[in-house]
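So the chains spell out like this:
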Amino acid sequence: MTTGADIAALFNEPNAAGIDPAMPAVNGDYVLNPGSRHGGAKRPAAVLVPLVERAGGLTVLLTQRTQHLHAHAGQVAFPGGRVDEGDIDAVDTALRETQEEIGVTRDHIRIIGRLDTYETITGFHVVPIVGLVTPPFEVIPDPFEVADVFEVPLAFFMDPRNRKRHSLERGGVVRHWYAFPFGRYYIWGATAGMLVNLTRVLDAGLSLKDTDGEGRMAGPRVADFAAAGARPAETG
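Here is what the cut-offs are and how they apply
- Residues numbered from 1 in each chain as written.
- Predicted model: local features only at pLDDT ≥ 70, side-chain atom pairs only at ≥ 80, totals over all residues.
- Heavy atoms only, no water.
- Buried < 20%, exposed > 50% of the residue type's maximum accessible area, 1.4 Å probe, protein only.
- Helix = DSSP H or I, 4+ residues; strand = E, 2+ residues; numbered from the N terminus.
- Pairing = 2+ DSSP bridges.
- Arc of directions from axis to C-beta.
- Contact = heavy atoms within 4.5 Å.
- Core = buried A, V, L, I, M, F, W, Y, C linked by side-chain atoms within 4.5 Å.
- Salt bridge = Lys/Arg side-chain N within 4 Å of Asp/Glu carboxyl O.
- pLDDT = per-residue confidence, 0-100.
- Phe/Tyr/Trp six-rings, centres within 6.5 Å; stacked < 30°, edge-to-face > 60°.
- Lys NZ or Arg CZ within 6 Å of the ring centre and 35° of its normal.
- Expected span 1.5 Å × (residues − 1).

K.L.:
Teacher, can you tell me more about the pairing of strand β3 (residues 57-65) here?
P.N.:
Residues in a regular strand project their side chains so that they alternate between the two faces of the sheet. For β3, the tally of buried residues reaches eight of nine residues, placing the bulk of the element in the interior. Strand direction decides the pairing type here: strand β2 (residues 43-54) and β3, joined by four bridges, are antiparallel. Its bridge partner lying in β3, V52 is registered against T59. Between β2 and the antiparallel strand that follows it, β3, lie two residues. Two elements, β3 and strand β9 (residues 146-153), share seven bridges in a ladder whose sense is antiparallel. When the bridges of β9 are listed, T59 appears paired with P153.

K.L.:
I tried to follow helix α1 (residues 4-12) on my own but got confused; where do I start?
P.N.:
Spacing of three or four residues puts side chains on the same side of an α-helix, whose turn is 3.6 residues. Residues of α1 that are buried include every one of G4, I7, A8, L10 and F11, and no others. For α1, the buried positions fall inside an angular range of 155 degrees around the axis, keeping them on one side. Where α1 is buried, its residues meet β2, β3, β6 (109-114), β8 (124-133), α3 (154-158) and α4 (189-205).

K.L.:
Would you take a moment to explain the nonpolar core for this structure?
P.N.:
Of all hydrophobic cores here, the largest spans 38 residues; its most connected members are L62 and F157. Considering each element in turn, this core owes the most residues, seven residues, to α4. Sequence-distant contacts of L62, defined by excluding residues within four places in its chain, comprise V76, A77, F78, D148, V149, F150, V152, F157, I187 and T191. Listed in part, the 16 residues of the second largest apolar core include V127, F137, V139 and V146.

K.L.:
Looking at this structure, how should I read the pattern of salt bridges?
P.N.:
Side chains that carry opposite charge are capable of pairing whenever their charged atoms lie near each other. Following the criterion strictly, the structure yields eight salt bridges and no others. Between R96 and E97 there is a salt bridge whose closest N-O contact spans 3.2 Å. For R161, the salt bridge identified is with D159, shortest N-O distance 2.8 Å. Overall, the relative accessible area of 51% leaves R161 in the exposed class. Looking at D159, the relative accessible area reads 8%, which means it is buried. One salt-bridge network, in which partners are shared between bridges, spans D84, D87, R96, E97 and E100.

K.L.:
What am I meant to see in the confidence of the model for the protein here?
P.N.:
As a note on interpretation, predicted positions should not be read in detail where pLDDT is low. Residues at a pLDDT of 70 or more form 72% of the protein, whose mean pLDDT is 80. Under a pLDDT of 50 for its full length, residues 208-229 has, in the predicted model, 37 contacts with residues more than four places off or in other chains.

K.L.:
So what exactly am I meant to see when it comes to the packing of aromatic side chains here?
P.N.:
Any pair of aromatic rings gets described here by the distance separating the centres and the angle formed by the planes. For the structure shown, the criterion picks out six aromatic pairs. Each ring, one from F150 and one from Y185, has its centre 3.7 Å from the other, and the planes form 10 degrees; the classification is stacked. Of this pair, F150 sits in strand β9 while Y185 is found in strand β12 (residues 185-188), placing the two residues 35 residues apart along the sequence. Exposure class is identical for F150 and Y185. Each is buried. Relative to F157, the ring of F156 has its centre 5.5 Å away and its plane inclined at 80 degrees; by these criteria the two rings are edge-to-face. Like F156, the residue F157 is buried in the burial classification. Ring pairs connect the aromatic residues F156, F157, F180 and F182, which therefore count as one cluster. The ring of F124 is capped by R43, whose NZ or CZ atom sits 4.1 Å from the centre of that ring.

K.L.:
Explanation requested: α4 in the structure shown.
P.N.:
A rise of 1.5 Å per residue sets the reference length of α4, with its 17 residues, at 24 Å; its end C-alpha atoms lie 25 Å apart and thus fit the reference within 8%. Of all 17 residues in α4, 12 are buried; the element is thus mostly enclosed. What α4 keeps buried is the set G189, T191, A192, G193, M194, L195, V196, N197, L198, T199, V201 and L202.

Right under this line is the structure:
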């Protein structure tokens, strides 16, 4: 079983996965949609990619935004948001936003690295900060921003069969995006794009010794989670 220590070691030896911390690459919505890259000022933001160290294996903690929000209402997202003037760096932004949105404090999170900056079609430059979250921790969602907090096995995202590419035509323009349908949740857009980046880093850098015989990462039983729609975030 791949552990948090395995992933932390990967980020400590970035060349194993082609990561250059001094020159992080930029990825984004435009990769699937050539010609759509935002040409205006970039708005800096950061999110936490929280990998929870459960006894049965690593999970990814996600939120679902409330329906009344002006932007991205009802969508699944990582905890995070815009960089505030008082933030020291992207790590500080991600940790602050995580505590504000879901109540998980810094003392439960060990930062191990970052992924490529993700550029959204709306002009945000999002820095995904990868952190290991150690239970027990209490989840206290901000009722204005967060409708739900839940966990999905990392193994689910690592299985390429669960990665979809969807598209929609509107006004004569076809837009493409990645998606991970999971039970009653539809994980798509920038969040799915960053998850794809995460799986590519892990695929490139990890030697997954504990597999199911077909090269897929072992961990919590995805079927058990999906049967109930998803796994609610635990507090212990």
